[in-house]
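Each chain is listed here by its residues.
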Amino acid sequence: MTRSPNMGRWHSAWLCLLLAAAPAWGQESGQRATLRIRLPADARLLVEGQETKQTGANRTFTSPPLTPGKKFNYTFEWTYRKDGKPVTRTRTIYVRAGENKEVDLTKEDDQTSKKKEPEGAGRELDVPFVPTPQDVVDKMLEIASITEKDVLYDLGCGDGRIVITAAKKYGCKAVGFDLDPDRVQESRENVKAKEVEKLVTIEKKDLFDVDMKPASVVTLYLLPDVNAKLIPQLEQLKPGARIISHDFTIKGIEPKHTVPVTSKEDGQKHMIYVWIAPLKKK
Ligand SMILES: C[S@@+](CC[C@H](N)C(=O)[O-])C[C@H]1O[C@@H](n2cnc3c(N)ncnc32)[C@H](O)[C@@H]1O
């Protein structure tokens, strides 16, 4: 794979603290990250979709100790009023252990403060690229009990690690879908490098346009609201098809199994959720 497996992930512990804390700027940080954010004073700020409590133009957040050398990314969404109208902006901010970072979100003309629309994608991405650690990929596929008769779809395939691993380890056919042209190119290069071209196809496609009927296994590493929007497509799956989601549930649908896994790559606990088609609403 051409990207580091430790690019980062949603880090729920830090998120909890982000939502609650407002500690002093300049404290001894050690392996904590401190983030001072400037934004319009009236802005409502959400981190990973959850409302934060601080108000005013300057807001400061400190993480609990973070694993050194790893990168953690968070999506910030803030809404403020401009000329009497609400304006919403989104930005992904990266931090590392020990980092003191200042971020000015008032510069709305800054390219990075706009919603990410990769060149050639045609529209904004619903989820940023964060790879599943390889040992969690291995566990997801093991839990899915894959055989060479399966057809696996990875919705938002990133660098292609899930589809490549499924083909390489279990000899099944696999299709990866991604909207970001950079990810599509990267996945295709990885497919070639791992010599699984006969089994793996990468399509540049919006995951909401994928016809699920041919799939017997579907893997997801998206976000809860995106998973929920996929329900009508997941309902097309044949009885017995397995849906395996990394870290996020499908709102309103009870998983059949929930398996916690601690990754050796990032030292963090990851959740694997499993559903078997047909989906049963709560
Ligand atoms: C969190 S990454 C997961 C990558 C890979 N499945 C893994 O687990 O390592 C989500 C991926 O979804 C892609 N994505 C986001 N919105 C999408 C959309 N509407 N259609 C297709 N792909 C999308 C992103 O480009 C990114 O590569």
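Thresholds applied
Residues numbered from 1 in each chain as written. Predicted model: local features only at pLDDT ≥ 70, side-chain atom pairs only at ≥ 80, totals over all residues. Core = buried A, V, L, I, M, F, W, Y, C linked by C-beta atoms within 7 Å. Buried ≥ 20, exposed ≤ 12 C-beta atoms within 10 Å, placed from the backbone. Contact = placed C-beta atoms within 7 Å. Near = placed C-beta within 6 Å. Helix = DSSP H or I, 4+ residues; strand = E, 2+ residues; numbered from the N terminus. Nonpolar A, V, L, I, M, F, W, Y, C, P; charged D, E, K, R; others polar. pLDDT = per-residue confidence, 0-100. Pairing = 2+ DSSP bridges. Expected span 1.5 Å × (residues − 1). Arc of directions from axis to C-beta.

A word on the nonpolar core. Grouped together as the largest cluster of nonpolar side chains are 43 residues, with contacts concentrated most on Leu 152, Val 163, Ala 166, Ala 167, Ala 174, Val 200 and Val 218. Not counting residues within four places of it along the chain, the set of residues in contact with Val 200 comprises Val 163, Ile 164, Ala 167, Ala 174 and Val 191. Judged by nonpolar contacts, the second largest core, of 15 residues, contains Ala 43, Phe 72, Phe 76 and Leu 105.

Another point: the site of the ligand. Close to the ligand lie 22 residues; Thr 132, Gly 156, Gly 158, Leu 179 and Tyr 221 are nearest. When residues of the shell around the ligand are traced back to their parent elements, those giving at least two are α3 (161-170) and β9 (173-178). When grouped by side-chain class, the residues that make up the shell around the ligand number 11 nonpolar, four polar and seven charged.

It is worth spelling out the confidence of the model for the protein at this point. Detailed reading of predicted coordinates is not advised where the pLDDT is low. Overall, the prediction assigns the protein a mean pLDDT of 82, with 80% of residues at 70 or greater. Below a pLDDT of 50 lies the segment residues 1-29, which in the model reaches 63 contacts outside its immediate sequence neighbourhood of four places, other chains included. Of the regions scoring below 50 in pLDDT, residues 109-115 engages in nine contacts with residues more than four places distant in sequence or in other chains.

A few words now on the pairing of strand β8 (residues 151-155). Among the five residues of β8, four are classified as buried, and the element is accordingly described as predominantly covered. Examined bridge by bridge, β8 and β9 share five bridges and lie parallel to one another. Looking at β9, one finds that Leu 155 is bridged to Phe 177.

Take helix α2 (residues 134-143) next. Turning to α2, its buried residues are Val 136, Val 137, Lys 139, Met 140 and Leu 141. Of the surrounding elements, those touching the buried residues of α2 are α3, β11 (217-220), β12 (242-246), β13 (257-262) and β14 (269-276).

Turning our attention to unusual backbone geometry. Looking along the chain, the bond that leaves Ala 277 and enters Pro 278 is cis, with omega of 0°. Here Pro 278 lies in the segment after β14. Even without glycine at this site, Ser 145 takes up a positive phi of about 50°. Mapping Ser 145 onto the fold places it in the loop between α2 and β8.

A rise of 1.5 Å per residue sets the reference length of helix α4 (residues 181-193), with its 13 residues, at 18 Å; its end C-alpha atoms lie 18 Å apart and thus fit the reference within 8%. Of all the positions in α4, only Arg 183, Val 184, Glu 186, Ser 187, Asn 190 and Val 191 are classed as buried. Considered in projection along α4, the buried side chains sweep an arc of 165° and stay on one side of the axis. Those residues of α4 that are exposed and angled more than 90 degrees off the buried face are Lys 192 and Ala 193. Where α4 is buried, its residues meet α3, β9 and β10 (200-204). Glu 195 lies just past α4 and shows a positive phi near 55°.

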